[in-house]
Amino acid sequence: SEAELEASAFRTLLQIRKPGEVKADTTKRTRQSEIDTNFDHKSYWCAMTVLKTSYLKGRQPEAGWDALKGAANLLSHSQQLVPASRLRLWSFLGVELRLPPALISNICSIAGIESEEAPSRHYVERAASAPSLDPSRESDVPSLESNLGWEVFMCNVFNCQPADPLSTSIGGPPLPEGFLESFLRLGQILTTGQFWQKAAGSPMTLDYLSRVMHLNRRSESAFARRNFLRKLSARSKAAPHGTMQDLFLQEVFQSLAGCYLPYISGVPSNPRVHSLLRWCGVSTEIDEFSLLKALRFVRESDIQDLGLVSEIYRRLYNCGFNPDEEKIFLVPGKGFVSKSQCVWRPFKSELLRRCCQLEVLQDHYSRFGADVRTALCTSWIRECPETSAKALCESLIMAIECARVDSSRHLPGKPSIPPQEAAAKLFPASKAAIEDLVKLCVGTCLGMDLIPPEPSQRVEDKRPDGVVFNHFVQQRMIVVPGVGEGDCQCRILSMGEAYWDVVPELAGTPAQDVALKTHYGVGGNEEATIIFFTEVLHVKPFLTLDDWTVICQTALHFVPNSDSNGNIEEGLKLFQVPSSGNVPWDIESVVDSVYEKLRFLPAPTEGPERTVPQSDSTPGRRTWRYVGLLGGGIPFFTANGAEPPPVTMSQQELMLVLSLCRHFGIHPRQIGFAYDPTGASVCRERLFLDIKYLQRARLLQSQAGYHAVASFWAGKMARMLGNLGQVPSAGASAFRDHLLQEVLPAIFQADGDFH
C-alpha cells in the first residue's frame, strides 16, 4: 500500500549514516570511498521519489513531514551526504542550472562583468540532481515539471535553500549561477497557462512560488527579484520583444482590446495565481494602472483604433483618472498628443480655426457616446480654444503671418492659406479673438456692473493677462482695418503705437479712423474692452494733437514693413494734421546738451533742492535725507524727513540697473533711489529713480519676463535723463523714445549677462 511504501522510504532516509558517525580520525578520502562503496544511490532516489510524490499529492505520513527536517542528510552534487539546510537546489522554478562555474567565469570575463555587480553570499553546495526513473525517457535529465516538484518537496520538507539567480557565491563566478539559464528560459515557462494550471492544483507549489518570488515583500532583495521577473523575455505575436510586465490576462482583457494586446492565456481563475502574476507585472484585472498600460502599448505599437482608445478613455474616466501632460490622446494621422495640445471643438472664426495648432477631437470621438464626450470635453481637455489666452494669441499670430505675402518668419505648422484670403478675413478674426481675450482678462459688462471672469482650475489659465501682455509686448498683434483709398487691407500695430481714442481736436481726422474705439468699441462690452486695452496692454487712452505731431515729426513709432501686394502693413499711416502751435525743437541738440550736462553731474547728496521746474505742480523745495544703500550699491534718499518704507533690492535687480546705467552713459555713482510720500516725481535736478518702481518691475518680471522689465527700467532712465535738458512737455515722450531707440538694441544684445 502507499502507506507502507511511505514508511519504508522514511526508514531508508533516516538510516543513512550521517557524516558525524564516521570515526573522527577517518580521512576525507576514506569517507568518500566508504560512501561510494556502501551508499545505495538507487534506494536513496527511490525513497526520495516516493516521498516527493506523496507530498505533492497532499498525503500526510504517520510520522509527519516535520520528522525529516534535520534528521536526514541529503546527497550533494559532489556525492557527499550533507545536512539539507546546507544544500541549494539544482533548478530555479523548474529551469535547471546546467552551465558549469568555469564556463560562467569565461562568459563574465568576455562581457567585462565584475563580481561587485551582484550581491554575494557564502558558498552553498548544490544538491545532487534527481535522475529520471522513467525507463521510457532517453535522457536522465528530469523534466521541467519534475524539477519544480523536487524544488517544492526539498525546500518545504527538508528546508533546502532555493536557487538564487541574483546572488553570487564568495569565491565563485562574478555572474550569479543560474542567471543566464533563468533569464533565457524562465519567461517562456511563466507565460504558459499549463504551468499555472498545474501550480493552482497544488497549494504547496503556490506556497513555494510565493516564497521564491518574494511575493508582497518590501525588502531590497524582494524588489530586485520582482524586477528580474518582470523583465524576463515574454515574446508574443503582438509584442515580439516583450517582457513579462507587458502582458495582459487574455480572459480579462480580450473583450476590451481584441487581438491588439500581448496576452497570457489558459490561466486558471485562482486569486493566488493572479497575485503571483501581478507580482511579475502581468495585468490581471481592469483598473486605472492596467488601462494606462494598455493605452501606452497601443501608442508604442502605433495602433490607430479609435474604438479601442475610446473604450479605454471611458473606463479610465469611470476610475476617476485625471491625466497629466502625457501623450495619451489619439489623433488619427497625427499620433498621440497631450491634453494641452488638443481641444474638443474648434474656433468659431474660420481663419482662427484654420490657424489654430490645437488638435480638434470632436470630429473623431463624438460618435462614441456621452461618456467619452464627458471624459474628453468636460473633465480632461479644454472644450473650446476661446477659453485659452495662449491659443488665442498664437492663432492670431499665425493668422497675421498667413496674411503676409513675403514672410521671412518660419512658423511650424503654418497652414496653406492664400495671403489675399487671410488678409481679407484677418480683422474679423482679430476682433473675435480680442472679444474672447477681454472676457478672459477683464470680464463681461452687465448693465453698470463688471462681472469678472470665473477663476480657472487650469494652471496655464491662472494669469491670462500676463500671457496676453507677454505675447503683445514682443510683436505687433493689434489689427485695425486700412484707412481710405490706396491703403492696405489691415494695419498691424504695437502696444506703443495703438491708442483707444482721440482728443476732440483730432475728431474727424484720419487719426480717429485708426483709433481702437472705432473698431473694437462696439458690441456691448465696451467698458471691459477699454480696460483690456489701456490696463492689460497699456495702450494710450487718448491720442493728443501733440502726440500725433511728434509721431509725424520723429517717425519713431513707424517702421515701414509693408506687404508687396498691399495685404497688410505694420505701423501707423502718417497723415498731416493741424499744428499744435508749439515752437519747433531740435531733438538731437537736446540729447547733446543732456549728455554734456551729465559729464559734470555729481553724485546725489543730502540737502535741499535748488530749483523747482515750472511744470512741476508740487509746491516748494524738498530736502533729501540719505537713509542707506539698496542692494549694497545704490544710495537711498527720502524727502523732507519721511520715514522710508521697508524695501529691499536683490543682487539680480541691482546688476540690471547698473548694466542699464552703462548703456545710457550714466556713472553708477550718479544715480540713487528716492521716496516722496506725496507721490510727486522724485527726479528734478538729481538723477533719482522712484522706489515704487521696484515693486512694479517685480510684478512685470513675473508676468512678462526679462525683456519687459528691462524695457521698463530703460524707459524710466530715459525719462530721468530728460529732466537734465530743455525738453518741452509735448516732446518728453519723443525724447524718451529717441533714447530708447538708440539704447534698447544694445541692451537686448547683452541679454545673456543677466537673464
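Quick look at the pattern of salt bridges
Step number 1: For the structure on display, the rule yields 28 salt bridges.
Step number 2: A salt bridge links E326 to R296; its shortest N-O distance comes to 2.7 Å. Placement of E326 in the loop between α13 (306–318) and β11 (329–331) and of R296 in helix α12 (residues 288–300) is noted, with a sequence separation of 30 residues between them.
Step number 3: For R296, a relative accessible area of 28% puts it in the partly exposed group.
Step number 4: For E497, the salt bridge goes to R476, with nearest N and O atoms at 2.5 Å. Taken together, the residues span a long stretch of sequence, with E497 in the loop between β18 (490–493) and β19 (499–502) and R476 in the loop between α19 (464–474) and β17 (478–481) at a distance of 21 residues.
Step number 5: When its relative accessible area of 3% is taken as the criterion, E497 is described as buried.

A short note on the sheet that holds strand β21 (residues 568–570)
Step number 1: The strand order across the open sheet built from 3 strands is β17-β18-β21, with neighbouring strands paired in mixed fashion. With partners counted over all chains shown, the strands left at the sheet margins are β17 and β21, one partner each. This sheet shows a mean twist of 30 degrees between the axes of neighbouring strands, independent of strand direction.

Regarding the packing of aromatic side chains
Step number 1: Within this structure, the stated rule accounts for 29 aromatic pairs.
Step number 2: Relative to F253, the ring of F248 lies with its centre 5.1 Å away and its plane at 65 degrees, an arrangement referred to as edge-to-face.
Step number 3: On the basis of relative accessible area, F248 is assigned to the buried category, the value being 0%.
Step number 4: Taking relative accessible area as the criterion, F253 reaches 0% and is therefore assigned buried.
Step number 5: Judged by centre distance (5.8 Å) and plane angle (55 degrees), the ring pair of Y313 and Y365 falls under tilted. With Y313 in helix α13 and Y365 in helix α15 (residues 362–365), this residue pair connects regions lying 52 residues apart in the sequence.

Remarks on the nonpolar core
Step number 1: Counting residues in each nonpolar core, the largest one holds 112 residues, and the members touching the most others are F472, F532 and W713.
Step number 2: Each residue touching F532, except ones within four places of it in the same chain, is listed here: I434, L437, V438, C441, V442, V468 and L537.
Step number 3: With 69 residues, the next largest nonpolar core counts A9, L93, A130 and L229 among its residues.

Re the sheet that holds strand β26 (residues 687–690)
Step number 1: Spatially, 5 strands are ordered β22-β23-β24-β25-β26 in an open sheet, and the strand pairing comes out mixed. A strand with exactly one partner marks an edge of an open sheet, and here the two such strands are β22 (607–608) and β26.
Step number 2: The sheet strands contacting helix α25 (residues 651–664) are β23 (623–630), β24 (634–639), β25 (671–675) and β26, and the helix crosses β24 at an angle near 95 degrees.

Some details on helix α7 (residues 193–200)
Step number 1: Turning to α7, its buried residues number three or more, namely G193, F195, W196 and A199. One side of α7 carries all its buried residues, which in axial view fall inside an arc of 160 degrees.

Re the pairing of β26
Step number 1: Because side chains alternate across β26, one face comprises the buried residues L687 and L689, and the other comprises F688 and D690, equally buried.
Step number 2: Bridge count between β25 and β26: 4 bridges; the pairing is parallel. Directly across from I671, in β26, lies its bridge partner L687.

Considerations on the packing of α25 against helix α28 (residues 732–749)
Step number 1: Orientation of α25 relative to α28, taken along the N-to-C sense of each, is 125 degrees, at an axis distance of 10 Å. Taken as axis vectors, α25 and α28 run oblique relative to one another. By crossing handedness, the relation of α25 to α28 is classed as right-handed. For the pair α25 and α28, contact is made by L660, H663 and F664 and by L739, L740, V743, A746 and I747, respectively.
Step number 2: Looking at the contact of α25 with α28 residue by residue, the classes come out as 7 nonpolar, 1 polar and no charged.

Description of the state of the cysteines
Step number 1: The tally for this structure, following the rule as stated, stands at 0 disulfides.
Step number 2: The closest cysteine sulfur to the non-disulfide-bonded C160 is located on C155, 6.1 Å from its own sulfur.
Step number 3: Since its relative accessible area comes to 0%, C160 is described here as buried.

Concerning the confidence of the model for the protein
In low-pLDDT segments, the atomic positions of the prediction should not be examined closely.
Step number 1: With 83% of its residues at a pLDDT of 70 or more, the protein shows a mean pLDDT of 82.
Step number 2: Per-residue pLDDT stays below 50 along residues 555–560; that stretch engages in 18 contacts with residues further than four places along the chain or on separate chains.
Step number 3: For residues 576–582, every residue scores under 50 in pLDDT, and the model assigns this stretch 11 contacts once sequence neighbours within four places are set aside.

Some details on the environment of E394
Step number 1: As for its position among the elements, E394 is in helix α17 (residues 389–402).
Step number 2: Relative accessible area serves as the criterion here: at 37%, E394 is assigned to the partly exposed category.
Step number 3: Along the backbone, E394 and Q357 are 37 residues apart, and their C-alpha atoms lie at a distance of 8.2 Å.

Some points on the environment of L630
Step number 1: Tracing the sequence through the fold places L630 in strand β23.
Step number 2: Residues L630 and V647, 17 residues apart in the sequence, show an inter-C-alpha distance of 8.2 Å.
Step number 3: Residues within four places of L630 in sequence aside, it is in contact with F636, V647, M649, L654, F673, I691 and L694.

Here we look at helix α9 (residues 220–230)
Step number 1: Listed as buried for α9 are A222, R225, F228 and L229. All buried residues of α9 project into a common sector of 125 degrees when viewed along the axis, lining one side.
Step number 2: Of the surrounding elements, those touching the buried residues of α9 are β4 (91–92), α6 (179–190), α8 (203–213) and α11 (271–279).

A few points about unusual backbone geometry
Where the residue is not glycine, phi is negative for most of them; where a peptide bond is considered, it is trans in most cases.
Step number 1: A positive phi angle, near 60 degrees, is found at H214, a position not held by glycine.
Step number 2: The class for H214 is buried, based on a relative accessible area of 13%.
Step number 3: At D302, a position not held by glycine, the phi torsion is positive, near 55 degrees.
Step number 4: Counting through the fold element by element, D302 comes out in the loop between α12 and α13.
Step number 5: Classification of D302 by relative accessible area gives exposed; the value is 55%.

About the criteria used
Residues numbered from 1 in each chain as written. Predicted model: local features only at pLDDT ≥ 70, side-chain atom pairs only at ≥ 80, totals over all residues. Heavy atoms only, no water. Salt bridge = Lys/Arg side-chain N within 4 Å of Asp/Glu carboxyl O. Helix = DSSP H or I, 4+ residues; strand = E, 2+ residues; numbered from the N terminus. Buried < 20%, exposed > 50% of the residue type's maximum accessible area, 1.4 Å probe, protein only. Pairing = 2+ DSSP bridges. Axes fitted to C-alpha atoms, helices over the stretch in contact; angles between N-to-C directions. Phe/Tyr/Trp six-rings, centres within 6.5 Å; stacked < 30°, edge-to-face > 60°. Core = buried A, V, L, I, M, F, W, Y, C linked by side-chain atoms within 4.5 Å. Contact = heavy atoms within 4.5 Å. Arc of directions from axis to C-beta. Parallel < 35°, antiparallel > 145°, perpendicular 65-115°, else oblique. Left-handed = near helix turned anticlockwise from the far one by under 90°. Nonpolar A, V, L, I, M, F, W, Y, C, P; charged D, E, K, R; others polar. Disulfide = S-S within 2.5 Å. pLDDT = per-residue confidence, 0-100.

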